[in-house]
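Chains, contacts and geometry: an overview
The residues making up each chain are set out below.
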Amino acid sequence: MNDNRKLANRYELGDLIGRGGMAEVFEAVDTRLNRTVAIKILRDDLARDPAFIARFRREAQAAASLNHPTIVAVYDTGEEIEGEGRSATNVPYIVMEYVNGTTLRDIVKSGRKLQTERALRISVGVLDALAYSHAHGIIHRDIKPANVMITKNGDIKVMDFGIARALADTKATMTGGSTVLGTAHYLSPEQARGESVDARSDLYSAGVLLYELLTGEPPFSGDSPVSVAYQHVSEYAPAPSTLDSQIPDVIDTVVLHALAKSPDDRYQTAEDFQSDVERVLQGIPTEASVAPKPKKMSPNTKYPRTKPRGNSVLVMLAIAGLFVGGLTVWLATQIFGLSSGDRITVPSLDGLTIEKATVLLIEEGLVLGEVSPENSERPIDTIINQTPQAGNSIVSGKSVDVVVSAGKSKVVVPKLIGLLSVEDARRILSDKGLKLGPVIEVESDSDKGVIISSDPAAGSAVSAGTEVSLSISSGLKIVPQVVGLSEAQARADLANLGFQVQILQQVVNEQIGSILAQAPKPGTKSSGGALITITVGVPPGTTIVIPPTPTVSPSVSPSTSSSPTP
């Protein structure tokens, strides 16, 4: 794609700032908002996959709903037509927050070793992002150093939420390109087995990330992605302290607890994991169970990597088969210990909450699998779809994935402040799928009818069809106190508020040139353009000039109007 190109007649592409197995990232300028952004443009081969595109659109929308300081914000998505005629392809792109910093991958590759405390604090930031995304029903699925950025100020930013989800659901294989090849070091055991995953899979990957930040290398390595995946499934990671004797035992416990093979044996929530890391930083006991720790070795001793044992060839073939779809169900059950078990008729979960669905599935001998949010008119947080469907027969112990209503699709409330008419606001809201709510007049220094505020406020993410109420200026302004000011200052103050001024003169011996009286009185509410009469003191002998009859009558609140006083 031409890096001088302008996407959507809005985004001017600049320098290429990143390239990965699935996309290229460009620095760009949003000409409409005059801000620097980052734009990720997907690889052509992924852009030709209809299933991926459909999933990508849904997940990009979900990711755009995440608003958290540790998550790289998604501003916009779109598609650009590449090529002509039959070869034309709609290439999706994502407009993201531009982060001035570097990725953890670059830091790790540089050979720079992080201080233990810094590694722990980075982990706290990553877990903070995961806690927020999990609370909104979004599993990252691809936590790795390349997806974590450190800003110039040292802040943590996690990116690619939703994109990893879309990739996972295309059933990409380990031999199908670098999309999955590059992430084998951070796969959870359940990902490596091709099973459905939940938020605890992200926590395993976060444990791998912390392990690498502490020791400089991931817990498992091998000559191929398949061998690395095998180790995630069948081998146990050596304690971090066996690679660095300066790492205390309590950190070993936390990391190895996060790397438990079974999701049930590791941290259950990102908050739990984050809390223990913060406890380590504060020097107080953690909640993690104590795991047996291998004997520490001399810092000068090269730690021997554990090699596959027993049926390693069959196991590695099984893992590869799960990724490429080449092994039979029989072989998978033999290798991974799955049992044909009893057959269970899948119950209907439609309309249930996650809590009720979990109880029902357990009673039936099944478990809850992946939970995905989707915009819907149905009540929020209730199940609107499931896989397998109700009535199907599956093996006892298997999981049922569900889709949960996230409510109506989200719309960002546009900026309406400063518009001169309610009808303009109604049109803009309608274009966004929103409705005009009640309109009330409020006192303001602005001209009559100007929009002062909206509720919800501009930038708020609300459901489509939401009513937005407006506050508009009544046009009534508060007459200021000008008595005692000079004539010039009084004229200026009143003119700045849009008032017209009539000058009366009064002969005085003192306060010459000062304002002696005004009408209406200070604090009076008066419309813009109304006439304010002020009396200025002039010296004896001055010929009093009678002002002409005013052409504009004062417009004031009846209860507060008055005449000038000498």
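The rules behind these values
- Residues numbered from 1 in each chain as written.
- Predicted model: local features only at pLDDT ≥ 70, side-chain atom pairs only at ≥ 80, totals over all residues.
- Heavy atoms only, no water.
- Pairing = 2+ DSSP bridges.
- Helix = DSSP H or I, 4+ residues; strand = E, 2+ residues; numbered from the N terminus.
- Axes fitted to C-alpha atoms, helices over the stretch in contact; angles between N-to-C directions.
- Salt bridge = Lys/Arg side-chain N within 4 Å of Asp/Glu carboxyl O.
- Buried < 20%, exposed > 50% of the residue type's maximum accessible area, 1.4 Å probe, protein only.
- pLDDT = per-residue confidence, 0-100.
- Contact = heavy atoms within 4.5 Å.
- Phe/Tyr/Trp six-rings, centres within 6.5 Å; stacked < 30°, edge-to-face > 60°.

What follows is about the sheet that holds strand β22 (residues 515-519). One open sheet holds the three strands; their spatial order is β21-β24-β22, and the pairing between them is mixed. Only two strands of the sheet have a single partner each, and these edge strands are β21 (500-507) and β22. Across the sheet, the mean angle from the axis of one strand to that of its neighbour is 25 degrees, orientation sign disregarded. Taken together, the eight bridges between β21 and strand β24 (residues 531-538) define a ladder with parallel strand orientation.

Overall, the coordinates contain 18 salt bridges when judged by the stated rule. K6 serves as the salt-bridge partner of E12, at 4.0 Å between the closest nitrogen and oxygen. With a shortest N-O distance of 3.3 Å, E423 and R426 are connected by a salt bridge. Of this pair, E423 and R426 both sit in helix α15 (residues 422-431), three residues apart, which is roughly one turn of the helix. Classification of E423 by relative accessible area gives partly exposed; the value is 48%. Residue R426 is classed as partly exposed on the basis of its relative accessible area, which comes to 39%. Put simply, R10, D30 and R35 are held in one network by salt bridges that share partners.

Below, the discussion takes up the pairing of strand β14 (residues 399-405). Burial runs high along β14: five of the seven residues are buried. Where strand β12 (residues 383-387) meets β14, four bridges bridge the pair, whose relative direction is antiparallel. Looking at β14, one finds that I383 is bridged to V404.

Confidence along the chain averages 80 in pLDDT terms, with 80% of residues attaining 70 or more. In this model residues 166-182 is a low-confidence stretch, pLDDT under 50, and it forms 33 contacts with partners more than four residues away in sequence or in other chains. Predicted confidence for residues 290-302 stays below pLDDT 50, and this span has 19 contacts to residues more than four positions away or in other chains.

The full count for this structure, using the stated rule, is two aromatic pairs. For the ring pair Y11 and Y93, a centre distance of 6.5 Å and an interplane angle of 70 degrees mean the geometry is edge-to-face. In this pair, Y11 sits in strand β2 (residues 11-19) while Y93 sits in strand β6 (residues 89-97), placing the two residues 82 residues apart along the sequence. Residue Y11 shares its accessibility class with Y93, and that shared class is buried. Arranged with centres 4.7 Å apart and planes meeting at 5 degrees, the rings of Y267 and F273 form a pair that is stacked.

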